[in-house]
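Next come the chains, spelled out residue by residue.
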Amino acid sequence: MTRHLLPLALAAAIAFPAMAGAADSPTPPRIIVSGEGEATVAPDLAILTLSVMREAKTARAALDANNDAMAAVIAAMKSSGIVDRDLQTAGVQINPRYNYTNKPDGSQDAELVAYQVTNTLSVRVRDVDKTGEILDKAVSLGVNQGGGIAFTNDDPAATVTEARKKAVADAVAKARTLAEAAGVSLGRVLEITDQNIAPMPMPINAKAFDAAPRAAVPVQAGENSYTVQVTVTFELK
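Residues numbered from 1 in each chain as written. Predicted model: local features only at pLDDT ≥ 70, side-chain atom pairs only at ≥ 80, totals over all residues. Heavy atoms only, no water.

Remarks on the overall build of the protein
Along its length, the protein carries four helices and eight strands. In the protein, the order of α-helices and β-strands from amino to carboxyl end is α-β-β-α-β-β-α-β-α-β-β-β. For the protein, buried positions account for 30% of its 237 residues. Nonlocal contacts in the protein, meaning residues at least 24 apart in sequence, comprise 85% of its contacts between residues at least 6 apart. Entry remark: accessible area of the protein is about 14700 Å², with carbon and sulfur atoms responsible for 55%. (Helix = DSSP H or I, 4+ residues; strand = E, 2+ residues; numbered from the N terminus. Buried < 20%, exposed > 50% of the residue type's maximum accessible area, 1.4 Å probe, protein only. Contact = heavy atoms within 4.5 Å. Areas by Shrake-Rupley, 256 points an atom, 1.4 Å probe, with all protein chains shown as cover.)

Observations regarding helix α2 (residues 59-79)
The terminal C-alpha atoms of α2, which comprises 21 residues, lie 30 Å apart, in line with the 30 Å expected from a rise of 1.5 Å per residue. Residues of α2 that are buried make contact with β2 (45-56), β3 (87-102), β4 (108-125) and α3 (131-140). Remark: G81 follows α2 within two positions and exhibits a positive phi of approximately 100 degrees. (Expected span 1.5 Å × (residues − 1).)

Structural notes on the side chain of T233
One can find T233 in strand β8 (residues 224-236). If we skip the residues at most four places from it in the chain, T233 touches R30, I31, I32, R188, V189, L190 and E191.

Some remarks on the confidence of the model for the protein
When pLDDT is averaged across the protein, the result is 84; 81% of the residues are at 70 or more. Within the model, pLDDT remains below 50 along residues 5-16, and this stretch shows one contact once partners closer than five positions in the same chain are excluded. Low pLDDT, under 50, characterises residues 206-213; the predicted model gives this stretch 11 contacts beyond four residues in sequence or across chains. (pLDDT = per-residue confidence, 0-100.)

Re the pairing of β4
Taken together, the 11 bridges between β2 and β4 define a ladder with antiparallel strand orientation. Residue pairing for β4: V52 is matched across the bridge by N119. As defined by bridge partners, β3 adjoins β4 across 15 bridges and the pair is classed as antiparallel. Bridge pairing links T101 to D109 in β4. (Pairing = 2+ DSSP bridges.)

Section: the environment of V139
Position of V139 relative to the elements: it lies in helix α3. A sequence separation of 66 residues divides V139 from V73, and the C-alpha atoms of the two residues are 8.4 Å apart.

Quick notes on the environment of P29
With respect to the helices, strands and loops of the structure, P29 is situated in the loop between α1 (2-23) and β1 (30-41). C-alpha of P29 to C-alpha of G187: the two residues are 158 residues apart in sequence and 9.8 Å apart in space. Aside from chain neighbours lying at most four places away, what touches P29 is F234, E235 and L236.

Some remarks on the pattern of salt bridges
Tallied over the entire structure, the rule returns 11 salt bridges. Across the salt bridge formed by E235 and R188, the nearest N and O atoms sit 3.4 Å from each other. With E235 in strand β8 and R188 in strand β6 (residues 186-197), the pair connects residues that are 47 residues apart, well separated along the chain. (Salt bridge = Lys/Arg side-chain N within 4 Å of Asp/Glu carboxyl O.)

Remarks on the environment of K130
Considering the arrangement of structural elements, one finds K130 in the loop between β4 and α3. Take K130: its relative accessible area is 24%, and that puts it in the partly exposed class. Distance in space between the C-alpha atoms of K130 and V219 is 9.3 Å, their sequence separation being 89 residues. At 2.5 Å, the side chain of K130 and the backbone oxygen of S80 are in polar contact. (Polar contact = N/O pair within 3.5 Å; in protein donor to acceptor, adjacent residues only side chain to side chain.)

Let's talk about the side chain of T118
Here T118 is to be found in strand β4. The residues contacting T118, other than those within four sequence positions of it, are S51, V52, M53, N66, G91, V92 and Q93.

Concerning the packing of aromatic side chains
Per the stated rule, a full pass over the model turns up one aromatic pair. Between the aromatic rings of Y98 and Y100, the centroid separation amounts to 6.1 Å while the plane-to-plane angle is 40 degrees, which identifies the pairing as tilted. Y98 sits in the partly exposed class, given a relative accessible area of 36%. Accessibility expressed as a relative area gives 51% for Y100, which makes it exposed. (Phe/Tyr/Trp six-rings, centres within 6.5 Å; stacked < 30°, edge-to-face > 60°.)

This is the structure in structure tokens:
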């Protein structure tokens, strides 16, 4: 039995130093560069955030008034072709409103004067050309708080892919320039990470529409710009 174990022990003794030597080998030289790519596309979807605020002496009265106003807005949305799946309540808030009176001793008296109820509705408009008309109708029927509008795309995957390819090409070009300047050659790609930057929504103020003439709110959809940033690590030779 001892004769059989001896060759195994010798093999292990030879293998362990070799493994230790591999673990101690220095990290090969590398270069890390960043790249950015951008692609644009016309939007095919508008997302509106519309809020109705009503105020009354009691919370119940304020809520009832708000419910009636929001029901009219939702009915108008549906009559304009917005389907149920594109209408979503984004939040309901009930807040007391106080009047504060300063007292001679520096303290304040708080008098409850009303309750405010705010109901916020998110609307997806799939016919972008009707966005101004829908905004105008919503304000006419009771939307009276600032909201938001975002022109986006239902499926931006192809545009993001184009931006991602441009970002990688940008990173490769930068790496080649740096490598040539340093007198070295690029090796294989060791790692790639990316980050997408989507278009940001634009704020709107519903109160600003009150003085507008009786016509659809002028809205320009423009183009959406999708940006991808990548970080690429190359081996150097």
